[in-house]
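As a plain string of letters, each chain reads:
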Amino acid sequence: MFLGLDLGTSGLKALLVDENERIVAEAVAPLQVTRLHDGWSEQNPDDWFTACAAAIAGLGVDLTGVRGIGLSGHMHGATLICRDGHMLRPCMLWNDTRASVEAAKMDGDPAWRAVTGNIVFPGFTAPKVEWVRRNEPLAFAQIDKVLLPKDALRFWLTGDAVSDMSDASGTSWLDMGKRDWSDDLLAKSGLTRAQMPTLVEGSAVSGTLIGSIAGKLGLPAGIPVAGGAGDNAASAIGMGVVKPGQAFVSLGTSGVLFAATPAYAAAPESALHSFCHALPGLWHQMGVILSATDALNWLAGVLNVQAQALTADLGTLQAPGRTIFMPYLGGERTPHNDAQIRAGFLHLGHATDRAAMTRAVMEGVTHALRDSFDAMTQTGTQIDSLIAVGGGSKSGYWLKAIATSLNMPIQLPAAGDFGAALGAARLGRMAATGEGAALAVPPPISHLIEPDPSLVHAFADAHARYSETYRAVKDLR
């Protein structure tokens, strides 16, 4: 059997599959986010280790047959380790935008985009560590290693400080074409290569499970732990998105449009991410919006109902209403790179009810994904097939809206888990057996969500109004 561990923002998932990729067991342990100030988002890394043990215990099966472990996790987090192996401070997460000033200064230096092929976003790792250098100099002076979240989990499991190419791509320190750390960019951050984890490909062995932890978890000591992947690259492995033309749309806490590319294709001016994939010799482009299901969950919290209750009775897809929702609860990445913009409703009226507000939120996220789609296709990236993943993909209304907005069919996988946890398990198997990309096959498709041709123009018009709204309010602080 092979174990995939996916460290998500709201929970850690453990997925156990056999050699035929049948799910043997799965379990999730919840996690909480702390937001002490506007734009801040943190977690205590010790909570990840506790959640990992709880999720593995929750599998409830004999684990002596596990032959490999793969890791996936939310990207960009700054987990700072001192020399004795302890965490120096809480981890600043991917959606923490406090380092906007530091990011802007870095991005103003052409060297960063030239080497990494990407904008230095406030949520990336390097500006967060720069924020620590400026605001918490005592902590900065004690940094022995800078680890990404899933790599902190690996450090607990194996004792090794290692990362993979896909996750390292989101730090702003990786030379994307060379798939190696940039000593020049590290020096600009007051760091050295010695403070970075060793780099391996996602399918390679990164270390082995140490005996003391194996005993606590009921796993065999010494089994290999794969390099793994950032959450979206891991989802691509789980969804079989490893060839040009293949893409997926993810409706999770954040929203992602991910397309595999045959070569490194930098397009920083579009605010797209151009990253290494989790397998050797592959890259990908990715548009990221910071609030997808997070926006719907926010509305549900305000209205004191469950998110599922908001979407249960929406009926068939309607043309977008006059009410516009901008889903910028914590700023936005693609295509705006705007850490200061915030969410808002426009054109609320006496007739605006709960259903209208729900549709507006879902439409706002749909328009934001259309922004990423347009940015990606304008760079020449080809999308021939699109698969849906993430909790929001359970909403047929939402998928129909996205398919109509993009004017492209969306494939919905058959029942089962084909996301980051499966991708991690597949990478764990590759590390244990030496198998390669052929293992990353697409899932069986249950049905195809077709665009509604009668509403394509209505969604295009609504998207144009949405874009105009951003331009009108972006300088209002």
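Please read all numbers here as calculations on a predicted model, not as lab measurements. (Residues numbered from 1 in each chain as written. Predicted model: local features only at pLDDT ≥ 70, side-chain atom pairs only at ≥ 80, totals over all residues. Heavy atoms only, no water.)

(A) Molecular detail of the side chain of Thr 97. Along the chain, Thr 97 falls in the loop between β7 (91–92) and α2 (100–107). The buried category is assigned to Thr 97, whose relative accessible area is 9%. Ignoring anything within four residues of it in the chain, the contact list for Thr 97 reads Gly 39, Pro 122, Gly 330, Ala 339 and Arg 342. (Helix = DSSP H or I, 4+ residues; strand = E, 2+ residues; numbered from the N terminus. Buried < 20%, exposed > 50% of the residue type's maximum accessible area, 1.4 Å probe, protein only. Contact = heavy atoms within 4.5 Å.)

(B) Molecular detail of the pattern of salt bridges. Taken as a whole and judged by the stated rule, the model has 24 salt bridges. The salt bridge involving Asp 167 is made with Lys 150; its shortest N-O contact spans 3.0 Å. Here Asp 167 is found in helix α7 (residues 165–168), whereas its partner Lys 150 is found in helix α6 (residues 149–158), with 17 residues between them in sequence. Across this residue pair, the class does not change: Asp 167 and Lys 150 are buried. Salt bridges here are not isolated pairs; linked through shared partners, they connect Glu 42, Arg 89, Asp 96, Arg 98 and Glu 136. (Salt bridge = Lys/Arg side-chain N within 4 Å of Asp/Glu carboxyl O.)

(C) Broad picture of the nonpolar core. Counting residues in each nonpolar core, the largest one holds 88 residues, and the members touching the most others are Leu 3, Leu 5, Ile 56, Ile 69, Val 129, Trp 173 and Leu 219. Here the element with the most residues in this core is helix α1 (residues 45–58); it accounts for six residues. With residues up to four places along the chain from it excluded, the contact list for Leu 3 reads Ala 14, Leu 15, Leu 16, Ile 56, Leu 59, Val 66, Gly 68, Ile 69, Gly 70, Leu 219 and Ala 425. Leu 272, Ala 307, Ala 403 and Ile 410 belong to the second-largest nonpolar core, a separate cluster that totals 49 residues. (Core = buried A, V, L, I, M, F, W, Y, C linked by side-chain atoms within 4.5 Å.)

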